[in-house]
Amino acid sequence: MVLLFWLFFRKTGRLQRFKEYFNTAAIASIIPLLLTFGLAWIFPIILNYYIFIFSLFYLFALFRINNMPKEE
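Bear in mind that the values here come from a model prediction, so they are computed numbers and not experimental data.

Novice: Where do I start with the overall build of the protein chain in this structure?
Specialist: Assigned secondary structure in the protein chain consists of four helices and zero strands. For the protein chain, the sequential pattern of α-helices and β-strands runs α-α-α-α. Based on the C-alpha atoms only, the size of the protein chain along its principal axes is roughly 50 × 25 × 15 Å. Across the 72 residues in the protein chain, those meeting the buried criterion constitute 28%.

Novice: Is there a simple way to think about the nonpolar core in this case?
Specialist: The tendency in soluble globular proteins is for nonpolar side chains to be buried side by side. Counting residues in hydrophobic clusters, the biggest one holds 11 residues: Val2, Phe5, Trp6, Leu15, Tyr21, Ala25, Ala28, Phe54, Tyr58, Ala61 and Leu62. Here this core gets four residues from one element, more than from any other, and that element is helix α4 (residues 50-66). Each residue touching Ala28, except ones within four places of it in the same chain, is listed here: Phe54, Phe57, Tyr58 and Ala61.

Novice: Help me understand the environment of Arg17 in this model?
Specialist: Here Arg17 is to be found in the loop between α1 (2-9) and α2 (18-28). For the pair Arg17 and Leu34, spaced 17 residues apart in sequence, the C-alpha separation works out to 27 Å.

Novice: Would you take a moment to explain the side chain of Ser29 for this structure?
Specialist: Mapping Ser29 onto the fold places it in the loop between α2 and α3 (30-40). Given the relative accessible area of 18%, Ser29 is considered buried. If near-sequence neighbours (up to four positions away) are discounted, Ser29 is found in contact with Tyr50 and Phe54.

Novice: Sorry if this is basic, but what is going on with the side chain of Thr36 here?
Specialist: Relative to the helices and strands, Thr36 is located in helix α3. The class for Thr36 is buried, based on a relative accessible area of 3%. A polar atom in the side chain of Thr36 sits 2.7 Å from the backbone oxygen of Pro32. Each residue touching Thr36, except ones within four places of it in the same chain, is listed here: Ile46, Leu47, Tyr50 and Ile53.

Novice: Would you explain the packing of α1 against α4 in this entry?
Specialist: The packing of two helices is summarised by the inter-axis angle and the distance between the axes. Look at α1 against α4: their axes get within 12 Å of each other, and the N-to-C directions meet at 30 degrees. Judged by the angle between their axes, α1 and α4 are roughly parallel. When you trace α1 past α4, the crossing you get is right-handed. Listed contacts from α4 to Val2, Phe5 and Phe9 of α1 are Tyr58, Leu59, Leu62 and Asn66. Here the contact of α1 with α4 is composed, by residue class, of six nonpolar, one polar and no charged.

Quick notes on the rules
- Residues numbered from 1 in each chain as written.
- Predicted model: local features only at pLDDT ≥ 70, side-chain atom pairs only at ≥ 80, totals over all residues.
- Heavy atoms only, no water.
- Helix = DSSP H or I, 4+ residues; strand = E, 2+ residues; numbered from the N terminus.
- Buried < 20%, exposed > 50% of the residue type's maximum accessible area, 1.4 Å probe, protein only.
- Core = buried A, V, L, I, M, F, W, Y, C linked by side-chain atoms within 4.5 Å.
- Contact = heavy atoms within 4.5 Å.
- Polar contact = N/O pair within 3.5 Å; in protein donor to acceptor, adjacent residues only side chain to side chain.
- Axes fitted to C-alpha atoms, helices over the stretch in contact; angles between N-to-C directions.
- Parallel < 35°, antiparallel > 145°, perpendicular 65-115°, else oblique.
- Left-handed = near helix turned anticlockwise from the far one by under 90°.
- Nonpolar A, V, L, I, M, F, W, Y, C, P; charged D, E, K, R; others polar.

Now the structure itself:
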């Protein structure tokens, strides 16, 4: 998934290298993982939706990073 987003956004975004996208995905996975882990105690079916939740949050994080004003 990170490779796919890197291929789509590397020409137009602020992030250029695959390592930057991979590190962003690692950091962005913390909140959905904790949320899914907590809700899985009550609703175990939510584990099936983790990748969807993570994908949306990662896309939101990339959107926020790529739309930040450039420093001059």
